[in-house]
Amino acid sequence: MFAPLLQTQLAKDAPYAWFLFDQAKQHARYYFVDFQEQVERLEAYLDALGIALMEGEPVENWLASDDWGSAFVLAVLGIRYHQPRLFDRALDQLKADEATHYQEIVDACLWGKSEKIEYWLLRCYEHPSPVAQQTAIAVARAHASWLHPSVMQQVADNPAPAVRIQWLHWLGEHQAQDHLDFVRQHYADEQPDIAFAAARAGLLLGDSAGDKALQRFAVENNPHLLDAITLVFLQADNPAHAAEWIENLWASPDLSMRVKLYAVAVAGLPEQVERLFPAMADPETARAAGEAFTLLTGADLDEQDLEGGETCADCEDDIAEQPTLTERRREDPFISDWEDDLPDPCPEAVAQWWRTHQTHFKLGVAYLAGLEIQEENLRRILANGNQRQRALAALHGLVKYHQPWLDCGWPIGIQLSK
């Protein structure tokens, strides 16, 4: 049915479309409408492969198992056309050291409407791969009722760290107060990833000991530093407390400037905005400072003509001589995947914008995307903000207003059902 050239193109382009979708999940230059467009592009490839599958084409043989997104494609087709062999083939190729594999199966399970989602999640949990097992719990974070009773009875005893981490997240996000003792047992776990997941769950469950355990991750360099800082500021009970945290973070010589800029953004206090301006004048941190300014104030550097200057990414040196992202992260692990794609702010123009608009911001009041943090405004940000702003809005909704957990990287259908 499909010419060999078209088969080859679909086999490469469909998985790569998933990779682009995955990259868009947290990208600050993607607004919700852009994210939807990325989903539609991926869906078009899935439709084409579905047609081939229904015509008897061996679609699974077209895909290279080592391509990012191939497990996602197989799993989606397996669920959509109820072909367990395709779904199981996706699970069989999972590898713990492949960073995308776990997320590919999560996205596949959440991609479309399935009246039998528990069936597929049970297949994940009963699979010998811990990557598949953790997927079952991760997907159930979207809807508590999706966690099969037989799984709930076993998961707490599952020795796989990845499974235990997802279980701790599930417990916190779904207010499982009856499991608080289990959560508390892991605050001091020897594995930092488990200890952080437990601290996060404890904080969401309102346990003061969990709050204290989480604060330990917010004061020194570790892979969970930004997430911990975010939760610390969301929990700050007054502006003075938030300002004290900012002072302490900025006084630390060991923390990256990018961490400090992010702390100002997530605290949301207009009286702290001017801390961002010196970093905008430094080519190394200009784009990160601009992103922090946008997170807090809602200013669009592109649309409002606030770009200018020249950073390392724009200079005329031979690009081959410039350090790669991996090399730069050896110096600063907090450089985001998307930083080089961000607008380069003009410090003078941004400062002038702030002088013009700062009277619209009340001192001592926290803002996100230029809006005072309150329930109705968070809904507006979820509908109209960029992916970074939306992620923070969803977390505010969970922590402050007890709204259902929403991951702004989920496929569109599951987001709109919340």
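Each remark here, short or long, concerns the structure printed above.
1. As for the overall build of the protein chain
Alright, step 1. Helices and strands together make up the secondary structure of the protein chain, namely 23 helices and two strands.
Alright, step 2. Relative to its length of 418 residues, the protein chain is compact, with a C-alpha radius of gyration of 22 Å against a globular reference of 22 Å.
Alright, step 3. Projected onto the principal axes, the alpha-carbon positions of the protein chain cover approximately 65 × 55 × 40 Å.
Alright, step 4. Out of the 418 residues belonging to the protein chain, those deemed buried represent 54%.

2. Details of helix α12 (residues 192–204)
At 3.6 residues per turn, the α-helix brings residues three or four places apart onto the same side.
Alright, step 1. The end-to-end C-alpha distance of α12, which contains 13 residues, comes to 18 Å, matching closely the 18 Å that a straight helix rising 1.5 Å per residue would cover.
Alright, step 2. Counted residue by residue, α12 has 11 buried out of 13 residues, so it is predominantly covered.
Alright, step 3. Where the residues of α12 are buried, they touch α10 (161–173), α11 (180–184), α13 (208–215), α14 (225–235) and α22 (387–401).
Alright, step 4. One or two residues past the end of α12 sits G206, with phi positive at roughly 80 degrees.

3. Some remarks on the pattern of salt bridges
Alright, step 1. Under the defined criterion, the tally for this structure stands at 24 salt bridges.
Alright, step 2. Its salt-bridge partner being D340, residue R328 comes within 3.0 Å of it at the nearest N-O pair. Here R328, found in helix α19 (residues 325–331), pairs with D340, found in the loop between α19 and α20 (347–357); they are 12 residues apart in sequence, far enough to count as distant.

4. Examining the packing of helix α21 (residues 375–384) against α22
Alright, step 1. It is at 8 Å that the axes of α21 and α22 come closest, and there the two elements cross at 150 degrees. Between α21 and α22, the interaxial angle falls into the category roughly antiparallel. The two elements α21 and α22 meet at a crossing, and its hand is left-handed. Where α21 abuts α22, its residues E375, L378, I381 and L382 lie against Q389, R390, A393, A394, H396, G397 and Y401.
Alright, step 2. Here the contact of α21 with α22 is composed, by residue class, of six nonpolar, three polar and two charged.

5. Thoughts on empty space enclosed by the protein
Alright, step 1. For the structure on display, the rule yields one cavity of 30 Å³ or more.
Alright, step 2. Roughly 40 Å³ of volume is contained in the largest cavity.
Alright, step 3. Considering the residues around the largest cavity, the lining is formed by E118, L121, L122, A136, W146, L147, H148 and V151.
Alright, step 4. For the lining of the largest cavity, the per-class residue count stands at six nonpolar, one polar and one charged.

About the criteria used
Residues numbered from 1 in each chain as written. Predicted model: local features only at pLDDT ≥ 70, side-chain atom pairs only at ≥ 80, totals over all residues. Heavy atoms only, no water. Helix = DSSP H or I, 4+ residues; strand = E, 2+ residues; numbered from the N terminus. Rg over C-alpha atoms; globule rule 2.2 N^0.38 Å. Buried < 20%, exposed > 50% of the residue type's maximum accessible area, 1.4 Å probe, protein only. Expected span 1.5 Å × (residues − 1). Contact = heavy atoms within 4.5 Å. Salt bridge = Lys/Arg side-chain N within 4 Å of Asp/Glu carboxyl O. Axes fitted to C-alpha atoms, helices over the stretch in contact; angles between N-to-C directions. Parallel < 35°, antiparallel > 145°, perpendicular 65-115°, else oblique. Left-handed = near helix turned anticlockwise from the far one by under 90°. Nonpolar A, V, L, I, M, F, W, Y, C, P; charged D, E, K, R; others polar. 1 Å grid on protein atoms, 1.4 Å probe; cavity = no way out; pocket = protein on both sides within 12 Å on 5 of 7 lines; lining within 4 Å. Points joined across faces, edges and corners; volume = space filled by probe spheres on them.

None of the figures reported here should be taken as evidence of function without further support.
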